[in-house]
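Coordinates in review
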Amino acid sequence: MSAIEGVVTAQHHAEEHEHHHEAQNFWQKYIFCEDHKVIAKQYLISGIIWAVIGISMSVVFRIQLGLPESNLSWLKPILGGWISESGKLDPNFYLALVTMHGTIMVFFVLTAGLSGTFSNFLIPLQIGARDMASGFMNMLSYWFFFVASVIMFISLFLQTGPAAGGWVIYPPLSALPQAHMGSGMGMTLWLVSMALFIVSQLLGGINYITTVINLRTRGMSFDRLPLTIWSFLITAILGLISFPVLFSSVLLLIFDRHFGTSFYLSDIYINGEALPNVGGSPILFQHLFWFLGHPEVYIVLLPGLGITSEVIATNSRKPIFGYRAMIASMLGIAFLAFIVWAHHMFVTGMNPFLGSVFMFLTLIIAVPSAVKGFNYITTLWKGNIVFTPGMLFSIGLVSLFVSGGLTGIILGNSALDIQLHDTYFVVAHFHLVMGAASAFGLFAGVYHWFPKMFGRMMNTTLGQIHFWFTFIGIYLIFIPMHYVGIAGFPRRYYQFTSYDFTHKYMDMNMFISVAAILSFLAQFIFLWNFFYSIFKGKRAPQNPWRSNTLEWTTPIHPGHGNWEGQIPAVYRWSYDYSKPGAKEDFIPQNIPYSQTLESNFPHENELIAAEKAIESQNFNDQFNASH
Amino acid sequence: MSILIAIVALVFVVLTGIVISRLQNVLKSINKSDSPDAEPSGNKVNGAMFLVILVTGAVAITWSYLHAREFFLPEASSVHGRRTDDLFWFSMGILTIPFILVNFLIFFFAWKYQHKPNHRASFYPDNHRLELIWTIVPAIVMALLVFTGWKAWSDITSDAPRDSEVIEITGKQFNWIVRYSGVSDNKLGNYNFKLIDAQNEVGIDLSDENSFDDFTNPSEMHIPVNRPVLLRIRARDVLHSVFIPHMRVKMDAVPGMPTKFWFVADKSTADMRAELNNPKFDYEIACTEVCGQGHFSMKLRLIVEDEASYKKWCAEQATFLQTYPEYLAKVPENLKAKAMKYVPAEAVTPADSSSTSAGGAGTSTSLR
């Protein structure tokens, strides 16, 4: 009984829905399911599996970089021929590893695993909808992602290895199979996989936007939406505008590779022959790629910031400070995200005047980001903070976001980028601000909404331990990496022995690698806690964090349609924590002002008159729809 | 090194210790009630951890910076490089203030405002003046940084001075090839990627008379000190990027789209050897755009020397035509006499015999 059927046969269903559920077989219930909660879990589990693969890859190349003398023969059972007889990692496979680490973490973990999971899970629950606007498209979205995953996974096992031109796959390297072994079948599968991934993102994104606009429950006006929903909405819009551009760049690259076009190729002499291609421009690809690539940073980060807003407010027992400023800064960031892409290209030979323009626009982003940072801090101020694991990761996110964001001001400065471009300074910067910060958003979300997902609690103490190991580990890895970058070490180097200027910091690189390995091991605490708690965790109460948002008004195990009976109406914003005069330190969104006379502000008393009108609307209940 | 490892190990051991003691506390408190005023699980310890991390983090970052700076690149050897370095450290200095401030506030507030029984948080949803302050202050700081950065950037990317020494550097998998304009005409000849072959690695177009005295070098680049050098940057196969760390120079090499970068090196290799007290010091050119298997070892030596020795070195180099006299065949008839000057006498006769046909082909393939 899917949402779409629910709409089509609504009249019929509306009467009998309360009384009987059609039995669903295993396939309908868990595999080809159209229920947003199940799809969210599918995204989450896929994301976790990809994260384990992606981070393991980084451990392998960190061993190569930090402990270059080590014997990697123990990896032979997995990597086979990529490990030489003497236990050394193949340089080609090193490039494949950094490429796949980037691709997997950015797209499969932090885009699909984070935004896919929480947009799917929280949008209907927090806006008060039965399900997504189209459950079928939502299901398709996951399965396109799944097929993309399978193809990308298969590419790991090719004889010639997976794609290996860096996650940005700049042509001509990625366009010419003779330039690198990873540019053969591996790159073909990469492109096919990403094309399917983009389809998945677009199906998902259209659904998120439609659902937020059309299916909000009675009284849930835009200025009462939790910031999580705002962030998912803005993320989906970003993705919807920018992913098609990546699709076009991928498509043109496929044409160049297979059909002899010259969009990106010109004046190339390789392997003893001059290629016939003339007139193309490799820089065109970079423009197209970064037109997605930069918004992608915010596609990854904004859901994390939204989750953090919600978790910090709940666990500080305080309203989020500057709700409207938070929305405005997210909109500002989203707008600016589209007009700063060329700051990744300052030293590509682009017209220097363009460089100046993009430097100016880039540094403006610091302003809305600063507003967000300070608003989080003010939310903590005079709070009554409960250190749930979700809260710890949210606080950690703010710290990482600010620390990593600040070095972005250096890199966004085109004059300084000359020296720092493609060095470890960049690696350190974006891992802090986008990689680790977004991953912390993912962790915060999982810890916070686990009880709603699985009806059980994760172990708090293990969560806290996991946080401290991860938080300290991240800083131990990436602070020293800035030093390595300032010393001029270039990215994507198999080893640092070829140059005198990189013939130092052997200890620093070893330190980074050891810290990376320990932080990686700490993630098993999370894995154990997660999977153990699904089955054996303490049973969750209705509203474990004493939170205001609508998802906590559903049954502990919400069925299809989320609420039994009518969907609750919404009368207030979601941040009425510690309101003066109120009995409890939280007032859920579905409590009308008429029931909280003791804590109402004067302008809120005026809103009581409107409650009857809100109560009587019932446009959006898919189980109650009339035609 | 072992000290560092020991420190990491120590941090993790201490953490493990805390964890174990915490676990015991949790086991003890497992039967406590869930009422909202009860102490949330582990709150005190986690609050304290924020203070501990604040202090140890500050110490660790300061110490690690002081330790790491010994190994930073020496003072820039180019005029613009010292300017960007100053700008970098100036910006870092300014940004350190919000870094310390914000992290201090996050960690301190987390500790200070941790949950207290029978206490209620302040209801403080907004304050327009505060929002305005932290919109405007960053905006002003950004304006300052943008302005200084923009000035530096437009000077660095301005047109090269007329008296610049023009040197061409071409990236290929996996080395660089340097081409000089030669001692007689001081002009680089045309090139065309279709003319590339095993000897003519950068596709010198010999139908252009300016190319007759050009010479190439695949292993080192010589440049004069204290004089602007304009690098004309090309790539033959895939993207590369010219990176001269000590000069703070970086520019991508793009097939089909020549790029350029000019700079003034004002410390010769000898100066640097003296300054660093390292007789083996050499400037190096590296590749910073991933280009395939050999990306990590595309090393080219850079020798910065005074004008006289640079001139002398240039004069000693064999021109391309001297090295490969058979390419005389590609020179068009009307320029042959001129080209002869650059060819050793004994090589002239055999090359001349095939001149008519090959010379014609050479001209027709010249697209530029």
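Analysis parameters
Residues numbered from 1 in each chain as written. Chains lettered and ligands numbered in written order. Predicted model: local features only at pLDDT ≥ 70, side-chain atom pairs only at ≥ 80, totals over all residues. Helix = DSSP H or I, 4+ residues; strand = E, 2+ residues; numbered from the N terminus. Rg over C-alpha atoms; globule rule 2.2 N^0.38 Å. Contact = placed C-beta atoms within 7 Å. pLDDT = per-residue confidence, 0-100. Expected span 1.5 Å × (residues − 1). Bend = angle between axes of the 7 residues up to and from the residue. Pairing = 2+ DSSP bridges. Axes fitted to C-alpha atoms, helices over the stretch in contact; angles between N-to-C directions. Parallel < 35°, antiparallel > 145°, perpendicular 65-115°, else oblique. Left-handed = near helix turned anticlockwise from the far one by under 90°. Nonpolar A, V, L, I, M, F, W, Y, C, P; charged D, E, K, R; others polar. UniProt positions renumbered as here; feature names shortened; annotations may be inferred. Domains from an automatic or database assignment. Buried ≥ 20, exposed ≤ 12 C-beta atoms within 10 Å, placed from the backbone. Core = buried A, V, L, I, M, F, W, Y, C linked by C-beta atoms within 7 Å.

Secondary structure assignment for chain A yields 20 helices and two strands. A compact globule built from 627 residues should have a C-alpha radius of gyration of about 25 Å, and chain A, at 25 Å, falls within 12% of that. Counting contacts in chain A only where the partners sit at least 6 residues apart, residues at least 24 apart contribute 79% of the total.

A few words on the confidence of the model for chain B. All names here are of chain B. Per-residue confidence for chain B gives a mean pLDDT of 86, with 83% of residues at or over 70. Confidence drops under a pLDDT of 50 for residues 350–368, and excluding neighbours within four residues, the segment shows 31 contacts in the predicted structure. Confidence metrics for the complex model read pTM 0.91 and ipTM 0.90.

Our next topic: helix α9 (residues 227–258) of chain A. Residues and elements named next belong to chain A. Here α9 spans 45 Å end to end across 32 residues, near enough to the 46 Å set by a 1.5 Å rise per residue. Remark: the principal bend of α9, roughly 30°, maps to Leu 240, with a proline, Pro 244, within the next four residues. Residue Gly 260 follows α9 closely and has a positive phi angle near 75°.

Summarising the element assignment, Gln523(A) is placed in helix α18 (residues 506–536). Distance in space between the C-alpha atoms of Gln523(A) and Phe469(A) is 8.7 Å, their sequence separation being 54 residues.

Bringing helix α11 (residues 323–337) of chain A into the picture now. Owing to its 3.6 residues per turn, the α-helix aligns residues three or four sequence positions apart on the same side. The terminal C-alpha atoms of α11(A), which comprises 15 residues, lie 21 Å apart, in line with the 21 Å expected from a rise of 1.5 Å per residue. Where α11(A) is buried, its residues meet α9, α10 (282–316), α12 (352–364) and α13 (366–380) of chain A together with α4 (128–156) of chain B.

This paragraph deals with the sheet that holds strand β8 (residues 259–264) of chain B. All names here are of chain B. Across the sheet, five strands lie side by side as β3-β2-β1-β5-β8; this open sheet has mixed pairing. Either end of the sheet is taken by a strand with one partner, and the two such strands are β3 (215–217) and β8. Taking the axes of each pair of neighbouring strands and ignoring which way they run, one obtains an average angle of 25° across the sheet. The sheet contact formed by strand β1 (residues 165–172) and strand β5 (residues 228–235) spans seven bridges and is parallel.

Attention now goes to the packing of helix α17 (residues 460–486) of chain A against helix α2 (residues 43–69) of chain B. Direction vectors running N to C along α17(A) and α2(B) enclose 15°, while the axes themselves pass 11 Å from each other. In this view, α17(A) runs roughly parallel relative to α2(B), as classed from their interaxial angle. α2(B) is crossed by α17(A), and the crossing has right-handed handedness. Only Asn46(B), Met49(B), Ile53(B), Gly57(B), Ile61(B), Ser64(B) and Ala68(B) of α2(B) make contact with α17(A), whose side of the interface consists of Gln464(A), Trp468(A), Ile472(A), Tyr475(A), Ile479(A), Pro480(A) and Tyr483(A). Its residues assigned to classes, the contact of α17(A) with α2(B) shows ten nonpolar, four polar and no charged.

The next subject is the sheet that holds strand β6 (residues 240–244) of chain B. Across a sheet, paired strands are connected by hydrogen bonds in the backbone, their directions being either parallel or antiparallel. Residues and elements named next belong to chain B. Spatially, the five strands line up as an open sheet ordered β4-β10-β9-β6-β7, and their pairing is mixed. Both outer strands of the open sheet, β4 (220–224) and β7 (249–253), are each paired with one neighbouring strand and no more. When the angles between neighbouring strand axes are averaged without regard to direction, this sheet yields 25°. Where β6 lies against strand β9 (residues 283–287), two bridges are found, and the strand directions are antiparallel. Across the sheet, the residue bridging to Val 242 is Cys 287, located in β9.

Moving on, we come to the confidence of the model for chain A. Scored by pLDDT, chain A has a mean of 91; 95% of the residues are at 70 or more. Residue range residues 1–20 of chain A is modelled with pLDDT below 50. Its contacts to residues more than four positions away, or to other chains, number 28 contacts.

This brings us to the UniProt feature "transmembrane region" (unreviewed entry) in chain B. Residue and element names in this part refer to chain B. Under the UniProt annotation, "transmembrane region" (unreviewed entry) lies at residues 47–66, 87–112 and 132–153. In the segment residues 47–66, helix accounts for 100% and strand for 0%; the C-alpha atoms at its two ends are 29 Å apart. Secondary structure across residues 132–153 comprises 100% helix and 0% strand; the distance between its end C-alpha atoms is 31 Å.

Residues and elements named next belong to chain A. Their axes nearest at 10 Å, the elements α10 and α11 cross at an angle of 170°. The pairing of α10 with α11 is recorded here as roughly antiparallel in orientation. Contacts from His 294, Pro 295, Tyr 298, Leu 302 and Ser 309 in α10 reach Met 326, Met 330, Ile 333, Ala 334 and Ala 337 in α11. Looking at the contact of α10 with α11 residue by residue, the class counts come to eight nonpolar, two polar and no charged.

Before going further, it helps to examine the domain arrangement of chain B. Residue and element names in this part refer to chain B. Domain boundaries assigned for chain B yield domain 1 (44–114 + 130–158) and domain 2 (165–364). At the junction of the two partners, domain 1 supplies ten residues and domain 2 supplies twelve residues. Looking at the side of domain 1 that touches domain 2 residue by residue, the classes come out as four nonpolar, five polar and one charged.

The next thing to look at is the pairing of β1(B). The element β1(B) is largely enclosed, with a buried count of six among its eight residues. Here β1(B) folds back onto strand β2 (residues 175–180) of chain B in antiparallel fashion, the turn holding two residues.

Each partner contributes to the interface: chain B provides 102 residues, whereas chain A provides 112 residues. Within the residue set of the side of chain B that touches chain A, elements represented by two or more residues are α1 (2–28), α2, α3 (79–112), α4, β6, β7 and β9 of chain B. Among the elements that line the side of chain B that touches chain A, the one with the most residues is α4(B), at 15 residues. A class-by-class count of the residues in the side of chain B that touches chain A yields 60 nonpolar, 27 polar and 15 charged.

Residue and element names in this part refer to chain B. Here Leu 206 lies in the loop between β2 and β3. Its 27 C-beta neighbours within 10 Å are what place Leu 206 among the buried residues. Spatially, the C-alpha atoms of Leu 206 and Val 137 are 60 Å apart, while their sequence positions differ by 69 residues.

Moving on: the nonpolar core. Ranked by size, the top nonpolar core spans 296 residues in total, and within it Ala437(A) and Val242(B) carry the most contacts. A per-element tally of this core places helix α6 (residues 91–127) of chain A first, with 22 residues. There are two domains that each give this core at least three residues, and those are domain 1 (44–114 + 130–158) and domain 2 (165–364) of chain B. Among all residues touching Ala437(A), those that are not within four sequence positions of it are Leu301(A), Gly304(A), Leu397(A), Leu400(A), Phe401(A), Gly404(A) and Leu432(A).

On to the UniProt feature "domain: Cytochrome oxidase subunit II copper A binding" (unreviewed entry) in chain B. Within this structure's numbering, the places UniProt gives as "domain: Cytochrome oxidase subunit II copper A binding" (unreviewed entry) are residues 162–316 of chain B. What you have in residues 162–316 of chain B is 12% helix and 37% strand, and the ends, taken at the C-alpha atoms, are 25 Å apart.

What follows is about the pairing of β9(B). Residue and element names in this part refer to chain B. Counting buried positions along β9 yields four of five residues, so the element is predominantly enclosed. Pairing of β9 with strand β10 (residues 300–305) involves three bridges; the strand directions are antiparallel. Among the inter-strand pairings, Glu 284 is bridged to a residue of β10, identified as Arg 301.

On to unusual backbone geometry, then. Following Pro171(A), the chain continues into Pro172(A) via a peptide bond in cis, with omega recorded as 5°. Of the consecutive residues Gln173(B) and Phe174(B), the connecting peptide bond is found in the cis state with omega at -5°. On the secondary structure map, Phe174(B) appears in the loop between β1 and β2. If you check the backbone angles, Asn118(B) has positive phi at about 55° while not being a glycine. Here Asn118(B) falls in the exposed class, since 6 other C-beta atoms lie within 10 Å of it. Even without being a glycine, Asn186(B) presents a positive backbone phi close to 55°. When you line up the elements, Asn186(B) lands in the loop between β2 and β3.

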